[in-house]
Amino acid sequence: MAAQSNNPVVSLTDVSKTYKLGEVDVPAVKGVTFHIPRRRFSVIVGPSGSGKTTLLNLIGCIDRPTGGRVVVAGQDLATLTDNAISDFRAQKVGFIFQNFSLIPVFSAYENIEYPLLLLGVSAAERRRRATSMLEAVGLIDYGKQRPNQLSGGQKQRVAIARALVKDPEFVLADEPTANLDSHTGASIIELMRRMQEQYATTFVFSTHDRQLMSHADETFTIRDGVLVDHVTGATSC
Amino acid sequence: MLMLKIAARNLFRNTRRSITTLGTITIGAAAVMVFGAYITYIQYGVQTNAVQQTGHLQVFRNGYFAFGTASPGPWGIDHYSTVLSLIRNDQTLQRLSAVVTPIQSLAGIAGNFENNTSKTFFGVGFVPSERDRMKQWDEYGTESRGLKHSGLHDNDLSKGVTGMGLVRILGLCDRLHLDSCPRAIQPAASLSQFVGDDRPPSANLADLASRDKPEGDAATNLNPTIDLLAATAGGAPNVVSLQIANVEIQPFKELDDNYVGMNIGLAQDLIYGRGEHKATGIVLQLHRTEDLRAARARLLSLFKERGLDLEVRDFTDLNPQYNQIIGLFRSIFSFITLIIGIVVLFTVSNAMSMSVIERTGEIGTTRAMGVRRQGIREQFLVEGSVLGVFGSTAGVFVAQLVAFIVNHAGLTWTPPGAGAPVPLRLYTNGVDALVVLTWIGLLVVSAAAALIPANRAARMPVVDALRHV
C-alpha cells in the first residue's frame, strides 16, 4: 500500500531496512512507500516491533536504508556524506525523544539554545529565540534549571522547545508521551499540537498513545515492517 | 568555547572520578617536577664542584690529555706566561673569564720519614690566591661548603694542602689534630725482626729529603712537613719538603689518599729544578657555564692564529664522572617520567572510557541534533585535555609547595663529587623549561589518553547510541 501526497516533506520509495544479528538477517522495514505531507500532525502507529522506530530513524536521517530511496525536504539522502547528513539534520530536523534526552550539564535555556549554537546563530538572535521558545512552552521561570531539577513534563517541554527553536522542516517524536503520566501526556500533546499550528511546521510521531492518535492529521499504520494503512484526518488502528 | 564549557561541566558530573583522575595527574606532574628540580640541583652541585676544582676549560699541549699525564714535565707548555698573557689580554676571553691561572701537575712519592711511611701521590701546583678565587665560584647558588681558603700564600712556596686520606696513611692525624682523622695503628711486630737490620728502601729517600728539610718541626707546634719525591723533566729524582697548611677532604677515596696541592712554584721546582719553568696547563674559569662553547671557540681560534699547538679540554673531559653522574640521574628521571606518563595515560583513558559509556545516550542525542563525528571526537579530546590542564597546573603548585618545604627544612647531604655536606635544595626557579615541558607533556598524554575513547564515541552509530540505556 502506498500513501500519496503533494509536495511531501518526506518521501519513502520502496524502502527496506534489514538488521544483521550475528549471522541472521532481521528485516525491520520491508519495501515501504509513503509520503508525509507538510505542516501536518502525522502519526506512525503499530504494535511493538512493527518497525515504527526504524522508519522514524530513516526519516530522521540517523539511519540509512538497505534498499529503496529516502527523500527528505527535497534531498535524496543516499547522495549525502556522513558530515553532510549531520549538517542536514542540524538544519532541517528536530527530535523529541521518549526519554527527553536533554544534555544534563546544560540548563533548560542552554539546552534550547544548543541547536542554534550548532548552526552558528548570533548570540543576540540565540537569546531572542531561546527565550521566546522558553516562554512558548511555559518555562520562562525555569531557564536556569538543570534537567535533573525538572519534572518529566517540564523536561519534555524543554525537548519540544529545543526541537522547534531552529525552525526545522519537520519534528520527529518517538513516543513522546510514553514516559509521562496520562495527565502530563495530555498536556504535552496539547502543547505539541499548539506549537505545530503556531509554527506551521510538520510533526511526525511514532506512538501507542490513543490520545495522541486522536490528534493526528495523518495516520500511517505499520505492521511487521509493512505499511498496512494510511488514513487522513482520522485514527486508524 | 562551547566544548570547553561542556568539558568543564562534565568534570563535575562524576566528582569522585574526576578528583581521582586529577589527583593522579597532579601527583604525577608534581613528582616529575620535584624530581626534575632535584636532578637540576644535582647537576648544578656536581658542576659547581667540578668547576671550582678544575675550572671550565684547561689548555694543554696537544696530546697531553691522552698521552702526557704520566710524565707532566716533558709535556709542559713552553713559555706559558706568554700564552697566559695572550689569553688574559684577549678582549672576548677577558669578558668571559673569572680566573685564568696556570697549573702544574705532578706525581711521585710522599714520605713522612719520622713515621717511616711513604705513599705515592699525585698533585697539582697552583697559584694559591687564584685557586681560592676559583673556589668562590657558585653560579647556581648551591652554597657549596668546600674549603674556601687553602691557607696558602702566593709568595710562600713551603706550604701545601693534602687529602685527608694521605695524612691518615702517612700517620699525621695526631700532629694535625684532626678530629675526623683516625689515629694510626702500629703493626704488631717490626719487619726488621724478620729480615735483619737492613734499612728499608725509603731510608735512602729520607736521607735525600733531610737535606732540604727545615729542622725541628716535630718538636714545635708547627704543622708537620712531608717530603715529596718526583722525577724531574730530565728524569733525575728530586725532593722538596712541604709543610701541610691545610687538609682538604677530596670527594673520592682514591683522590683523598693521593692528593697534594701546593704553590705552583714549588711544583715547578720539583719538576724542572733550575731549568725553565713550564706549566702543564692553563685553567680558565668562566663567569657563566653557558659561555663555555664561545670561550673554547675563541681559545682555539687564538691558538690557530698564533700557530700554537695547544688543545682545550672542558670540565666534562677533566671530570669524566660528571657526565656519568648526570647521565645516571637523567636515565632514572626518564624512567620515572615514563612510568608516570603511563600511569597518567591509563588513568585518563579509563576515566574517559567510563565517561563515553555513561554518555552514550547523550552522544546519540547530539549526533541526531547535527553534531558531526569530528565534533564528538574533539569534545572528548578537549575533556581529556582539560583534565590534563587542571591536573598539570595543580601539579606545578604542589611542586612549588614541596620545594618550599624541602628548601626550608634545613636538610643537608653530600652530593656525588662533593667532599662536604651541602644544603639540600630543590631548584624550582631557573627550571622553567622543566615546568613547561612537564605541563605540556602531561597535557599531551592526557589528550592522547582520550584519543581511543574519543574515536570510539565518534564512530558510534547514532541509532545504537540512542538505544543505549
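Computed from a predicted model, the values in this text were never measured in an experiment.

**Q** Explain the overall build of chain B to me, and be specific about the residues and the numbers.
**A** What chain B contains, in helices and strands, is 19 helices and 11 strands. Evaluated residue by residue, chain B yields a buried proportion of 44% over its 469 residues.

**Q** Please give an account of the sheet that holds strand 7 (residues 93–96) of chain A that cites residues and values.
**A** Residues and elements named next belong to chain A. Ordered in space as 7-8-9-4-10-11, the 6 strands form an open sheet in which the pairing is mixed. In this open sheet, the two edge strands, each paired with only one partner strand, are strand 7 and strand 11 (226–232). Across the sheet, the mean angle separating the axes of adjacent strands is 20° when strand polarity is ignored. In this sheet, strand 10 (residues 218–223) lies alongside strand 4 (residues 41–45) in parallel orientation, the contact comprising 4 bridges.

**Q** Lay out the pairing of strand 6 (residues 237–248) of chain B with the relevant residues and their values.
**A** Along any regular strand the residues' side chains alternate between the sheet's two faces. Residues and elements named next belong to chain B. In this sheet, strand 6 lies alongside strand 4 (residues 159–163) in parallel orientation, the contact comprising 5 bridges. Counterpart to Val 161 in the pairing with strand 6 is Asn 246. Sheet topology places strand 5 (residues 225–231) next to strand 6; 7 bridges connect them, and they run antiparallel. Paired with Asp 227 across the two strands is Ser 241, which belongs to strand 6. A loop of 5 residues connects strand 5 with strand 6, the two strands running antiparallel in sequence, and Gly 235 in this loop sits at a positive phi of about 100°.

**Q** Just give me the short version of helix 18 (residues 432–459) of chain B, but keep the residues and values in it.
**A** Helix length check: helix 18 of chain B (28 residues) gives 40 Å between terminal C-alpha atoms against 40 Å at 1.5 Å per residue, within 8%. Its axis deflected by about 35° at Leu 451 of chain B, helix 18 of chain B carries its strongest bend there, up to four residues before the proline Pro 453 of chain B.

**Q** An account of the confidence of the model for chain A is needed here, citing residue identities and associated values.
**A** Per-residue pLDDT for chain A has a mean of 88; in total, 95% of the residues score no lower than 70. Looking over chain A, one finds the lowest element-wise mean pLDDT in strand 1 (residues 2–3) of chain A, namely 48, and the highest in helix 3 (residues 108–118) of chain A, namely 95.

**Q** Describe helix 2 (residues 82–92) of chain A, listing the residues and the values that go with them.
**A** All of the buried residues along helix 2 of chain A are Ile 85, Ser 86, Arg 89, Ala 90 and Lys 92 of chain A. Looking at the buried residues of helix 2 of chain A, the elements they touch are strand 5 (67–72), strand 7 and helix 3 of chain A together with helix 16 (360–368) of chain B.

**Q** Run through the packing of helix 2 (residues 15–54) of chain B against helix 18 of chain B, naming residues and quoting values.
**A** Residue and element names in this part refer to chain B. Where helix 2 contacts helix 18, the axes come no closer than 10 Å and their chain directions differ by 150°. In terms of orientation, helix 2 and helix 18 fall into the roughly antiparallel class. Remark: the crossing between helix 2 and helix 18 carries right-handed chirality. Note on element contacts: helix 18 touches helix 2 through Leu 434, Val 435, Thr 438, Leu 442 and Ser 446, opposite Ile 25, Gly 28, Ala 29, Val 32, Met 33, Gly 36 and Thr 40. The residue inventory of the contact of helix 2 with helix 18, partitioned by class, reads 7 nonpolar, 5 polar and no charged.

**Q** Quick one: what's the story with the pairing of strand 5 of chain A, residue by residue and with numbers?
**A** Residue and element names in this part refer to chain A. Where strand 2 (residues 8–21) lies against strand 5, 5 bridges are found, and the strand directions are antiparallel. When the bridges of strand 5 are listed, Ser 11 appears paired with Val 71. By the bridge criterion, 2 bridges tie strand 5 to strand 6 (residues 75–76) in an arrangement that is antiparallel. Looking at strand 6, one finds that Val 72 is bridged to Gln 75. Connecting strand 5 to the antiparallel partner strand 6 that follows it, the hairpin turn spans 2 residues, and Ala 73 within it adopts a positive phi of roughly 50°.

**Q** Talk me through the interface of chain A and chain B; I want residue IDs and the actual numbers.
**A** Residue-level contacts link 18 residues of chain A with 16 residues of chain B. Counting only elements with at least two residues in the side of chain A that touches chain B, the list comes to helix 2 and helix 3 of chain A. The element contributing the most residues to the side of chain A that touches chain B is helix 2 of chain A, with 6 residues. Across the side of chain A that touches chain B, the residue classes break down as 9 nonpolar, 5 polar and 4 charged.

**Q** Tell me about unusual backbone geometry, and name the residues and values.
**A** Residue and element names in this part refer to chain A. With phi around 55°, Asp 167 is a residue other than glycine that occupies positive phi space. Inspection of the secondary structure assignment puts Asp 167 in the loop between helix 5 (152–164) and strand 8 (170–174). Look at Asp 167 and you get partly exposed, because 15 C-beta atoms sit within 10 Å. The backbone phi angle of Glu 175 is positive, close to 45°, even though this residue is not glycine. With respect to the element layout, Glu 175 can be found in the loop between strand 8 and helix 6 (182–199). Taking the C-beta count within 10 Å as the criterion, Glu 175 has 19 such neighbours and is therefore assigned partly exposed.

**Q** Would you mind going over the packing of helix 15 (residues 320–358) of chain B against helix 17 (residues 373–407) of chain B in detail, with residue names and values included?
**A** Residue and element names in this part refer to chain B. It is at 11 Å that the axes of helix 15 and helix 17 come closest, and there the two elements cross at 140°. In this view, helix 15 runs oblique relative to helix 17, as classed from their interaxial angle. Between helix 15 and helix 17 the crossing geometry is right-handed. Residues Val 348, Met 352, Ser 355 and Val 356 of helix 15 form the contact with helix 17, whose own contacting residues are Phe 380, Glu 383, Gly 384 and Leu 387. Grouping the amino acids of the contact of helix 15 with helix 17 by side-chain chemistry returns 5 nonpolar, 2 polar and 1 charged.

**Q** Describe in detail the environment of Leu 292 of chain B, supporting the description with residues and values.
**A** Residue and element names in this part refer to chain B. As for its placement among the helices and strands, Leu 292 is situated in helix 13 (residues 292–306). C-alpha separation for the pair Leu 292 and Pro 74, spaced 218 residues apart in sequence, amounts to 28 Å. Leave out the neighbours within four places in its chain, and Leu 292 touches His 56, Leu 57, Leu 286 and Asp 314.

**Q** Let's hear about the environment of Glu 110 of chain A: which residues, and what values?
**A** Along the polypeptide, Glu 110 of chain A turns up in helix 3. A sequence separation of 75 residues divides Glu 110 of chain A from Gly 185 of chain A, and the C-alpha atoms of the two residues are 24 Å apart.

Calculation criteria
- Residues numbered from 1 in each chain as written.
- Chains lettered and ligands numbered in written order.
- Predicted model: local features only at pLDDT ≥ 70, side-chain atom pairs only at ≥ 80, totals over all residues.
- Helix = DSSP H or I, 4+ residues; strand = E, 2+ residues; numbered from the N terminus.
- Buried ≥ 20, exposed ≤ 12 C-beta atoms within 10 Å, placed from the backbone.
- Pairing = 2+ DSSP bridges.
- Axes fitted to C-alpha atoms, helices over the stretch in contact; angles between N-to-C directions.
- Expected span 1.5 Å × (residues − 1).
- Bend = angle between axes of the 7 residues up to and from the residue.
- pLDDT = per-residue confidence, 0-100.
- Contact = placed C-beta atoms within 7 Å.
- Parallel < 35°, antiparallel > 145°, perpendicular 65-115°, else oblique.
- Left-handed = near helix turned anticlockwise from the far one by under 90°.
- Nonpolar A, V, L, I, M, F, W, Y, C, P; charged D, E, K, R; others polar.

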